[in-house]
Amino acid sequence: MCGIVGYIGSKQAPSILMDGLTKLEYRGYDSAGIAVHNGTKINMIKSRGKLVNLAKKLEENPIEGTVGIGHTRWATHGAPSDINSHPHMSGDRLIAVVHNGIIENYMDIKEDLSSKGYKFVSDTDTETVAHLMDYYYKQGNSFFDSVFMVLNKIEGAYALAILCRDHPDTIIAARKNCPLVIGLGKGENFVSSDIPAILHHTRDVYLVDNDEVAVVKKDSVDIYNINKEPVHHDIFKVNWDIDAAEKDGYEHFMIKEINEQPKIVQDILSKRMPDSKDFIDLEGINLKKEDLEKINRIYVVACGTAYHAGLMGKYLIEKLARIPVFADVASEFRYKDPIIDENTLLIVVSQSGETADTLEALRIAKKNGARVLAIVNTVGSSIAREADDVFYILAGPEISVASTKAFTAQVMAM
């Protein structure tokens, strides 16, 4: 549930980073911090607790610069503390890193770097990335090449944003199994783990795919695959308003989203049944009659609340279509060696479209020849892009951790 934000342009980065981190507070966090390049060196301020603590430190010790990265952390490796907060830096402040996800082999890397003389000050897995970057860069490799060398070494899931003291004109960001978007502006660009963090500044974004690296400058964004080959991305235009992610006068997001449910039901019905009750518009689903006739087995796979919507779908589909339907929790499905072939339909359900276990189940199914239909809320998400067919529930951003309106919308989709 950690959050990342980055900025590069001509404006002062600290205020933009703090604004972005504020928009990510709903994700939950126990500490926060920013690192800002002032053209000569990287300055860092971070604090345990709420953003107000970080804001107070910035007020007492202001830092300046037009390039920076920020982070809200939910403790995994190491207790909540100022030291364990992100960003993390190499010993001489050459490299600064923020990271969502988990580095699974960080202990092996830490032991290796310690034997080379590197000193660790935190209990986090992320600090290994900063020191590993430092190590490769000081071997004479470029900033760009050093990032790829790090990515080839680390194992796990990550969204990374990295600064280098010698390159005040660049942020390099990388993604594997954790969301990452690049916001596009005029003379400025943004990095974020979630669209609301940058929506005040731009509605044009690149949705970075798995195993891709983005080199972000104020006037350009270049994206590469893991083989360092340039890849093209279409601009994704965000069509929902920032107000949809605000409380709109309610005390908290959950009560707001509970009260949005009647409108969500109405919106789905009006979109999918535009003219009469005799016609249902299944835009985004391209299953033909001959495709349906060969299906003899259906899996509905999801996690958490989405799994319970999937259970309702199982009962509905079996009752109406008389085809066996198996509902599985995605984390179990991916390890049980399920029976899948070209006559299988897999329905995956995910609010975010980025649920790691659900995404992996999708890939397993496609690898074995199954047709994949996704029920998702987030347009342009990884699951939506990789599925064969998509039913968008279009419930708008769901901020509360406890799902309400998205669950109702998923049941409506079923």
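Residues numbered from 1 in each chain as written. Predicted model: local features only at pLDDT ≥ 70, side-chain atom pairs only at ≥ 80, totals over all residues. Heavy atoms only, no water.

Chemist: What exactly am I supposed to notice about the packing of aromatic side chains here?
Modeler: We describe a pair of aromatic rings using the distance from one ring centre to the other and the angle between the two ring planes. For the coordinates displayed, the defined rule picks out 6 aromatic pairs. An aromatic cluster is defined as three or more aromatic residues linked by ring pairs; in this entry it consists of Phe-144, Phe-148 and Tyr-224. Between Lys-116 and the ring centre of Tyr-135, over which it is positioned, the NZ or CZ distance is 5.3 Å. Here the basic side chain of Arg-272 rests over the ring of Phe-391, its NZ or CZ set 3.9 Å away from the ring centre. (Phe/Tyr/Trp six-rings, centres within 6.5 Å; stacked < 30°, edge-to-face > 60°. Lys NZ or Arg CZ within 6 Å of the ring centre and 35° of its normal.)

Chemist: Explain the packing of helix H9 (residues 304–321) against helix H13 (residues 405–413) here, please?
Modeler: For any two helices packed against each other, the geometry is given by the interaxial angle and the distance between the axes. As a packed pair, H9 and H13 sit with axes 9 Å apart at the nearest point and diverge in direction by 25°. As the angle between them shows, H9 and H13 are arranged roughly parallel. As for how H9 packs across H13, the hand of that crossing is right-handed. Together, Thr-305, Ala-306, His-308, Ala-309 and Met-312 of H9 and Phe-407, Gln-410 and Val-411 of H13 make up the contact between the two elements. The residue makeup of the contact of H9 with H13, split by class, is 5 nonpolar, 3 polar and no charged. (Axes fitted to C-alpha atoms, helices over the stretch in contact; angles between N-to-C directions. Helix = DSSP H or I, 4+ residues; strand = E, 2+ residues; numbered from the N terminus. Parallel < 35°, antiparallel > 145°, perpendicular 65-115°, else oblique. Left-handed = near helix turned anticlockwise from the far one by under 90°. Contact = heavy atoms within 4.5 Å. Nonpolar A, V, L, I, M, F, W, Y, C, P; charged D, E, K, R; others polar.)

Chemist: I keep staring at the sheet that holds strand S8 (residues 171–176) and nothing clicks. Help me out?
Modeler: Sheet strands pair by backbone hydrogen bonding; their relative direction is either parallel or antiparallel. Read from one edge to the other, the open sheet built from 6 strands follows the order S5-S6-S7-S8-S12-S13, with strand pairing classed as antiparallel. Only two strands of the sheet have a single partner each, and these edge strands are strand S5 (88–89) and strand S13 (221–225). Two strands pair when backbone bridges link them, and strand S12 (residues 212–216) and S13 are joined in this way by 5 bridges, in the antiparallel orientation. If you follow Val-216 over to S13, its bridge partner there is Val-221. (Pairing = 2+ DSSP bridges.)

Chemist: Honestly, the side chain of Asp-134 in this entry has me stumped. Any pointers?
Modeler: Considering the arrangement of structural elements, one finds Asp-134 in helix H4 (residues 127–137). With relative accessibility at 2%, the residue Asp-134 sits in the buried group. For Asp-134, the residues in contact, after removing those within four places along its chain, are Ser-90, Asp-92, Leu-94, Ile-95 and Tyr-118. (Buried < 20%, exposed > 50% of the residue type's maximum accessible area, 1.4 Å probe, protein only.)

Chemist: Just checking my understanding: could you explain the nonpolar core for this structure?
Modeler: The tendency in soluble globular proteins is for nonpolar side chains to be buried side by side. Membership of the largest hydrophobic core comes to 30 residues, with the highest contact counts inside it found for Phe-143, Val-147, Leu-151, Ile-154, Leu-160 and Ile-162. Listing elements by their share of this core, those giving two or more residues are strand S6 (95–103), helix H3 (106–115), H4, helix H5 (143–153), strand S7 (156–164), S8 and S12. Broken down by element, this core gets its largest block of residues, 6 residues, from H4. (Core = buried A, V, L, I, M, F, W, Y, C linked by side-chain atoms within 4.5 Å.)

Chemist: Hey, could you run me through the environment of Ile-339 in this one?
Modeler: Among the secondary structure elements, Ile-339 is positioned in the loop between helix H10 (330–333) and strand S17 (344–350). Among the residues examined, Ile-339 registers a relative accessible area of 57% and is labelled exposed. Counting along the chain gives 173 residues from Ile-339 to Asp-166, while the straight-line C-alpha distance between them is 53 Å. With residues up to four places along the chain from it excluded, the contact list for Ile-339 reads Arg-297, Tyr-299 and Thr-344.

Chemist: It is not clear to me how the sheet that holds strand S14 (residues 236–237) should be interpreted in this structure. Could you clarify?
Modeler: With respect to topology, 8 strands assemble into an open sheet ordered S3-S2-S4-S1-S10-S9-S11-S14, the strand pairing being antiparallel. Whereas interior strands pair on both sides, the edge strands pair on one side only; in this sheet they are strand S3 (42–48) and S14. Here strand S11 (residues 204–207) runs beside S14; their pairing, made up of 2 bridges, is antiparallel. Note on S14: the bridge partner recorded for Val-205 is Phe-236. Packed onto the sheet, helix H2 (residues 51–60) meets strand S2 (31–37), S3 and strand S4 (67–73) and runs at close to 140° relative to S3.

Chemist: Whenever I open this one, unusual backbone geometry confuses me. Can you help?
Modeler: What is expected of a backbone is that most residues other than glycine have negative phi and most peptide bonds are trans. Residue Pro-87 is reached from His-86 by a cis peptide bond, and omega for that bond is 0°. Checked against the element boundaries, Pro-87 lands in the loop between S4 and S5. Despite not being glycine, Arg-93 shows a phi value in the positive range, around 60°. Its place among the elements puts Arg-93 in the loop between S5 and S6. Judged by its relative accessible area of 37%, Arg-93 falls in the partly exposed class. Although it is not a glycine, Asp-337 sits at a positive phi angle of roughly 55°. In this structure, Asp-337 sits in the loop between H10 and S17. The exposed category is assigned to Asp-337, whose relative accessible area is 67%.

Chemist: In this structure, what is going on with the pairing of S4? I would like to understand it.
Modeler: Along any regular strand the residues' side chains alternate between the sheet's two faces. Extensive coverage of S4 is indicated by the burial of 7 of its 7 residues. Of the two faces of S4, the one lined by Val-67, Ile-69, His-71 and Arg-73 and the one lined by Gly-68, Gly-70 and Thr-72 are each fully buried. Here S2 runs beside S4; their pairing, made up of 7 bridges, is antiparallel. The residue bridging His-37 from the neighbouring strand is Val-67, located in S4.

Chemist: It is not clear to me how a nonpolar patch on the surface should be interpreted in this structure. Could you clarify?
Modeler: Together, Tyr-250, Met-254, Ile-255 and Ile-258 line one region of the surface with nonpolar side chains, adding up to about 290 Å² of accessible area. With respect to the helices and strands, the residue Tyr-250 is situated in the loop between S14 and helix H6 (253–259). Judged by its relative accessible area of 34%, Tyr-250 is partly exposed. (Patch = residues over 30% accessible without salt bridge, like charges linked within 9 Å, V, L, I, M, F, W, Y side chains within 5 Å. Areas by Shrake-Rupley, 256 points an atom, 1.4 Å probe, with all protein chains shown as cover. Salt bridge = Lys/Arg side-chain N within 4 Å of Asp/Glu carboxyl O.)

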